[in-house]
Amino acid sequence: MDTVLLLAHSDATGGLPKAALEALSAARLLAGGAPVTVALFGADTTRAAAELAAAGAVKVLTVTDPALGQPRYATDAAAAAALVRASGATLVVAPATSRLARIGAGVAHRAGGRIDTHVAAVSSEGGAAVTRWYYRQRIEATLRRAERPWFLLVDPGAFPAALASGGTAPIEAVGVALPASRTAVSGERSPVSGEQTIKPEAKLLFVAGAGWTKKQADGQIHTARAEALVKGFLAVSGASLGSSKSLVDQAGEGNKVFAFMTHLNQVGQTGSTPRHAKGLATCCHGEEPHVVGWRFINERRAVNLDPNCGWARGKADVVYVADAFEVVAKVNALLKK
Ligand SMILES: Cc1cc2nc3c(=O)[nH]c(=O)nc-3n(C[C@H](O)[C@H](O)[C@H](O)COP(=O)(O)OP(=O)(O)OC[C@H]3O[C@@H](n4cnc5c(N)ncnc54)[C@H](O)[C@@H]3O)c2cc1C
């Protein structure tokens, strides 16, 4: 039987990333529902350790050091490797935060183990097994490995977050001499210009396609109106903004159409695969390379002038054959009420 460890870190505020509580659910499933040992590193681990202890853990191991206040490969990897060694775990489950995704493979190598990433489901029946997608969510595979320790990076959003249930667990500090660092973070620069439009927690994904920037029935382009309508919808609905490749590519060609949109908004084969309960595509044709990014969107609707668009061919639950300019203006007015 494997011994299971949840490996996580506290965030800049000393709190716990939500993805860590999701990974805790995955770790418990691998332990057959039993509590697992938890390992945490950060500049301040007090609050995050208490939260994990309350959520039910065998014990909480911590490495706390001011140097861990900044994400840095050398110090993060040294702390994580010491925690894994101290735990003696054979299965190490970690949330795929940017910090852990960066050090995961290196720490697995230092521990003489193996790593698998993008874990979307786990099972403990007949030994540990994990499920992940390949080739942009077209092929699903279940894997087992003989090598230990086996590191598993769990995709955010794939498991429900474990709830704090009033549990208690001993908290033990692990000693480690962190390497001297040559780098310091001097500040942060966000690639998103203006507003934050990507909201993984939103119930609705609103996709804007290139149609918003095409000539309309009057033979004219109405970019300013399109921008106002899309922004208006986001403001009243709280939806996350996705885009087709064609729309964000226009920005790359110097024709910045929607100032609040970047390639990070792109959904699809060469973009993201977000997880929202519902999706609404507007002015987007619904071609396969785009729709493959909708793999995890359960309820899909689209507004398109073309009754023969891709969405109408079995890719959406409902297609409104209508002018998205008119539909979104009307919806915005109704939602504002
Ligand atoms: C290797 C490869 C990878 C790719 N990866 C991706 C990817 O990751 N993501 C992605 O999105 N694409 C990707 N593509 C491109 C993809 O094939 C399509 O070209 C792209 O999705 C089309 O974008 P669109 O639907 O916004 O634009 P268009 O194809 O130009 O469609 C615009 C749509 O808007 C509609 N429209 C216009 N005006 C209105 C109006 N007033 N009301 C309602 N509807 C209106 C039109 O009827 C039309 O259907 C990839 C392609 C390749 C070859």
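That block above? That's the structure.
What comes next is a walk through the structure. The structure displayed is predicted, hence computed values, not measured ones.

1. Observations regarding the sheet that holds strand 4 (residues 91-95)
- Read from one edge to the other, the open sheet built from nine strands follows the order 7-6-5-8-4-1-2-3-9, with strand pairing classed as mixed. A single partner strand is all that each edge strand has here, and the edge strands are strand 7 (139-143) and strand 9 (171-173). Neighbouring strand axes in the sheet, compared pairwise and without regard to direction, differ in orientation by 35° on average.
- Pairing of strand 2 (residues 36-42) with strand 3 (residues 57-64) involves six bridges; the strand directions are parallel. Its bridge partner lying in strand 3, Ala-39 is registered against Leu-61.
- Sitting on the sheet, helix 1 (residues 18-30) touches strand 1 (4-9), strand 2, strand 4, strand 5 (114-123), strand 6 (129-134) and strand 8 (150-154), and the angle it makes with strand 4 is about 155°.

2. Considerations on the sheet that holds strand 11 (residues 240-243)
- The strand order across the open sheet built from five strands is 11-10-12-13-14, with neighbouring strands paired in parallel fashion. Both edges of this open sheet fall to strand 11 and strand 14 (318-321), since each of them pairs with a single strand only. Mean inter-strand twist for the sheet, computed between neighbouring axes without regard to direction, equals 20°.
- Strand direction decides the pairing type here: strand 13 (residues 299-304) and strand 14, joined by four bridges, are parallel. Within strand 14, the residue paired with Val-303 across the bridge is Tyr-320.
- Lying on the sheet, helix 5 (residues 223-237) is in contact with strand 10 (204-208), strand 11 and strand 12 (278-282); it crosses strand 10 at an angle near 175°.

3. With respect to the packing of helix 3 (residues 73-87) against helix 4 (residues 98-110)
- At their nearest, the axes of helix 3 and helix 4 sit 9 Å apart, and the two run at 55° to each other. In terms of orientation, helix 3 lies oblique with respect to helix 4. Remark: the crossing between helix 3 and helix 4 carries right-handed chirality. For the pair helix 3 and helix 4, the contacting residues are Tyr-73, Asp-76, Ala-77, Ala-78, Ala-80, Ala-81 and Val-84 in the first and Arg-99, Arg-102, Ile-103, Gly-106, Val-107 and Arg-110 in the second.
- Taken together, the residues of the contact of helix 3 with helix 4 sort by class into eight nonpolar, one polar and four charged.

Definitions and limits used
- Residues numbered from 1 in each chain as written.
- Predicted model: local features only at pLDDT ≥ 70, side-chain atom pairs only at ≥ 80, totals over all residues.
- Heavy atoms only, no water.
- Pairing = 2+ DSSP bridges.
- Helix = DSSP H or I, 4+ residues; strand = E, 2+ residues; numbered from the N terminus.
- Axes fitted to C-alpha atoms, helices over the stretch in contact; angles between N-to-C directions.
- Contact = heavy atoms within 4.5 Å.
- Parallel < 35°, antiparallel > 145°, perpendicular 65-115°, else oblique.
- Left-handed = near helix turned anticlockwise from the far one by under 90°.
- Nonpolar A, V, L, I, M, F, W, Y, C, P; charged D, E, K, R; others polar.

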